[in-house]
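Analysis of the macromolecular model
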Amino acid sequence: MTQHATPPGTPRPARSVPSGATAPSAAAPGSAAARRRAIWAGAVGNTVEWVDWAVYSTFSSVFAGTFFPSHAPEAALLSTLAVFAVGFLMRPIGGALLGAYGDRHGRKKAMTLTISMMAAAALVIAVCPGYSTIGVGAPIVLVLARLVQGFSAGGEFGTSSAFLVESAAPSRRALAGSWQQVSVGAGTLIASLMGTILTSSLDEHALDTWGWRVAFAVAGVLGLVGLWLRVSVQETESFRRVEHAERPRANPLRAMVTDHPRAALRVAGVTVAGTLIYYIWVSYMPSYVHVTTGMPLSRALLANTLSLVVFIVLLPFGGMLSDRIGRKPTMFAFAAGFLVLSWPLFHVLGDSFWTLLAVELVGMVLLVGYSANCAVVMAEQFPPEVRTTGIALPYALAVAVFGGTAPYVTTWMSSHGHRGLVWLYLAAAALVGVIVYATMPETKSKEIA
């Protein structure tokens, strides 16, 4: 990935390496090896960040009684889920402040800050005494830790997307950006795998008392590994050019609003269809099938997990296709596909595992058109001075408003006798996507500085 300590063409003084030590990397900045190393560091760091984020929802039903009065299990679980929702409210704030930090101080510093906060919060949850020990202090600590994680997650997408895309060769920006979503999916799967291992190997008492703490502790330690990887890479060349420029730099938030309002609105518009459809397809579909067809939830979740693995494998190929034919056709295919197929895909569902798996796979293949492109399309909307802010804030707002509410809206529709119209909600989001993707400019060949 393209990373220079000095602007191109400027002689670099030789650096001495102490006897017995090795240089941090033998690859020259800008070389294929350096690009691969940066992609690896960015993707792995993002993966462990999302392990820290996802382990909360994986074990929420287990540790609910630890942080809230256990005499009412349903109320304790609802309180734990409410804390989960609070984390989403912090994401736009994190997107604004950490995005501005990344534009002012560098993508590398912002990414090390986000992963440090996420890992520290996971470790705090792991060791926090329960309600029976410190009373109301336990839920307060949990809320504060989750606020920190939501704040961190809000800044992570913008900084990691900018880092990956800026570090890529011009002809492979979508491929590099696709690893942002690969790492998100991988982090979710790792958290789910930890849940499977611990719940199957520990009895209920052990899981409730200390087993769930092991998961948070492992997530926190993995975060430290991701921190080490991020510290080891160099800053992107795009930011270094801005840093070395003699012109004064405006406040990134103000510059985004005053100088790039259409680009910011476009990022939000690009996000609407993708985040809403993703949350319905990945989070809501197993429950929908379980309730409407009577299929055991475990089988519905298995189909969902298998299709998610296929989705993760396909993402880099989606990025390669976008680099070849463009952002607009691949994203338009995603939205148009869901617009046309939402009704038949929902209505063919029955209690057959193989039918559900086929439906899930069709949706996941279509989702590749969005997820492989979202990071690169958003990065290509802005100059480097405001890039992380321009990605992070509009994206976080759209996710909080549309992605965060998707499970609630679909549950409300189901509980009010409109379960058969969920496909229409999906199609409406796809229609928004069709309009946005058809009218946005193609940016595949754009110089992003």
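Each chain carries its own residue numbering, running from 1 in the written order of its sequence. Only residues with pLDDT of at least 70 get local features here, since the model is predicted, and only at 80 or more are side-chain atom pairs given and counted; chain-wide, interface and lining totals rely on the full set of residues. As a rule here, side-chain values come from all non-hydrogen atoms in the structure, and water together with hydrogens is ignored.

Some points on the overall build of the protein chain
Across its full length, the protein chain holds 17 helices and 0 strands. Relative to its full complement of 449 residues, the protein chain shows a buried share of 53%. Note on areas: these come from Shrake-Rupley sampling with a 1.4 Å probe, and a residue is covered only by the protein chains present in the view. Surface exposure of the protein chain reaches about 19000 Å², of which carbon and sulfur atoms provide 69%. Runs of E in the DSSP output that reach at least two residues are strands. Runs of H or I that reach at least four are helices, and both are numbered from the N terminus. Three exposure classes are used, based on accessible area relative to the maximum for each residue type with a 1.4 Å probe and protein chains only: buried under 20%, partly exposed in between, and exposed over 50%.

Structural notes on a nonpolar patch on the surface
Nonpolar side chains collect at one region of the surface, where L339, V340, L341, V362, L431 and I435 lie side by side and expose about 480 Å² of accessible area between them. Counting only elements with at least two residues in the nonpolar patch, the list comes to α12 (327-347) and α17 (422-439). In terms of residue count, α12 provides more of the nonpolar patch than any other element does, 3 residues in total. Within the secondary structure layout, I435 lies in helix α17. Each patch is built from residues lacking any salt bridge and having more than 30% relative accessible area; the joining distance is 9 Å for like charges and 5 Å for nonpolar side chains (Val, Leu, Ile, Met, Phe, Trp, Tyr). Any Lys or Arg side-chain nitrogen found within 4 Å of a carboxyl oxygen on Asp or Glu counts as a salt bridge.

Section: the packing of α12 against α17
Orientation is described by lines fitted to C-alpha atoms, with helices fitted over the stretch in contact, and by angles between N-to-C directions that extend from 0 to 180 degrees. Direction vectors running N to C along α12 and α17 enclose 165°, while the axes themselves pass 8 Å from each other. Between α12 and α17, the crossing angle belongs to the class labelled roughly antiparallel. The handedness of the crossing between α12 and α17 comes out as left-handed. For the pair formed by α12 and α17, the contact residues are K328, M331, F332, F334, A335, A336, F338, L339, S342, W343, F346 and H347 on the first element and V422, W423, L426, A427, A430, L431, G433, V434, Y437 and A438 on the second. Under the convention adopted here, Pro, Cys and the residues Ala, Val, Leu, Ile, Met, Phe, Trp and Tyr are nonpolar, Asp, Glu, Lys and Arg are charged, and Gly plus all remaining residues are polar. Along the lines of polarity and charge, the residues of the contact of α12 with α17 split into 18 nonpolar, 3 polar and 1 charged. An angle below 35 degrees is read as roughly parallel, one above 145 as roughly antiparallel, one from 65 to 115 as roughly perpendicular, and any other as oblique. In this scheme the handedness of a crossing depends on how the near helix is turned from the far one: anticlockwise by less than a right angle means left-handed, clockwise means right-handed. Contacts are residue-level and defined by heavy atoms, with any inter-residue pair within 4.5 Å sufficient.

Here we look at helix α11 (residues 297-325)
Counting along an α-helix, one turn takes 3.6 residues, and residues three or four places apart therefore face a common direction. How far a helix is expected to stretch is found by multiplying one less than its residue total by 1.5 Å. Taking 1.5 Å per residue as the helical rise, α11 with its 29 residues ought to reach 42 Å, and the 40 Å between its terminal C-alpha atoms agrees with that figure. Bend, at a single residue, is the angle you get between axes fitted to the 7 residues ending at that residue and the 7 residues starting at it. Along its length, α11 reaches its greatest deviation from straightness, about 35°, at L314, and the proline P316 lies no more than four positions downstream. Downstream of α11 by one or two residues, G326 has phi in the positive range, about 120°.

Some words on the nonpolar core
Counting 79 residues, the largest nonpolar core has W281, F346 and Y437 as its most contacted members. Broken down by element, this core gets its largest block of residues, 16 residues, from helix α10 (residues 261-293). Buried Ala, Val, Leu, Ile, Met, Phe, Trp, Tyr and Cys residues form a nonpolar core when they are joined through side-chain atoms within 4.5 Å.

Description of the side chain of D323
Within the secondary structure layout, D323 lies in helix α11. Within polar-contact distance, the side chain of D323 engages the backbone nitrogen of L175 at 3.0 Å. In this structure D323 touches S171, R172, R173, A174, L175 and K444, once residues within four positions along its chain are discounted. Two N or O atoms form a polar contact when they lie within 3.5 Å of each other; inside protein one atom must be a possible hydrogen donor and the other a possible acceptor, and for residues adjacent in sequence the pair counts only when both atoms belong to side chains.

Structural notes on the packing of α11 against α12
Where α11 meets α12, the closest approach of the two axes is 7 Å, and the angle between their N-to-C directions is 130°. Here α11 is positioned oblique relative to α12, judged by the angle of their axes. Where α11 approaches α12, its residues L321, S322, D323 and I325 are matched on the opposing element by R327, P329 and T330. Looking at side-chain class alone, the contact of α11 with α12 contains 3 nonpolar, 2 polar and 2 charged residues.

What about the side chain of T47?
Residue position: T47 is located in helix α1 (residues 32-67). Overall, the relative accessible area of 12% leaves T47 in the buried class.

Considering the confidence of the model for the protein chain
For the protein chain, per-residue confidence averages 84 on the pLDDT scale, and 89% of positions sit at 70 or higher. Confidence drops under a pLDDT of 50 for residues 1-27, and excluding neighbours within four residues, the segment shows 49 contacts in the predicted structure. Scored from 0 to 100, pLDDT reflects the predictor's confidence in each residue.

Observations regarding the pattern of salt bridges
Scanning the model with the defined rule gives 8 salt bridges in all. Among the ionic pairs, R107 bridges to D103, the shortest N-O distance being 3.1 Å. Since its relative accessible area comes to 1%, D103 is described here as buried. A salt bridge links E237 to R241, with the nearest nitrogen and oxygen atoms 2.5 Å apart. Residue E237 and its partner R241 are located together in helix α8 (residues 237-244), separated by 4 residues, close to a single helical turn.

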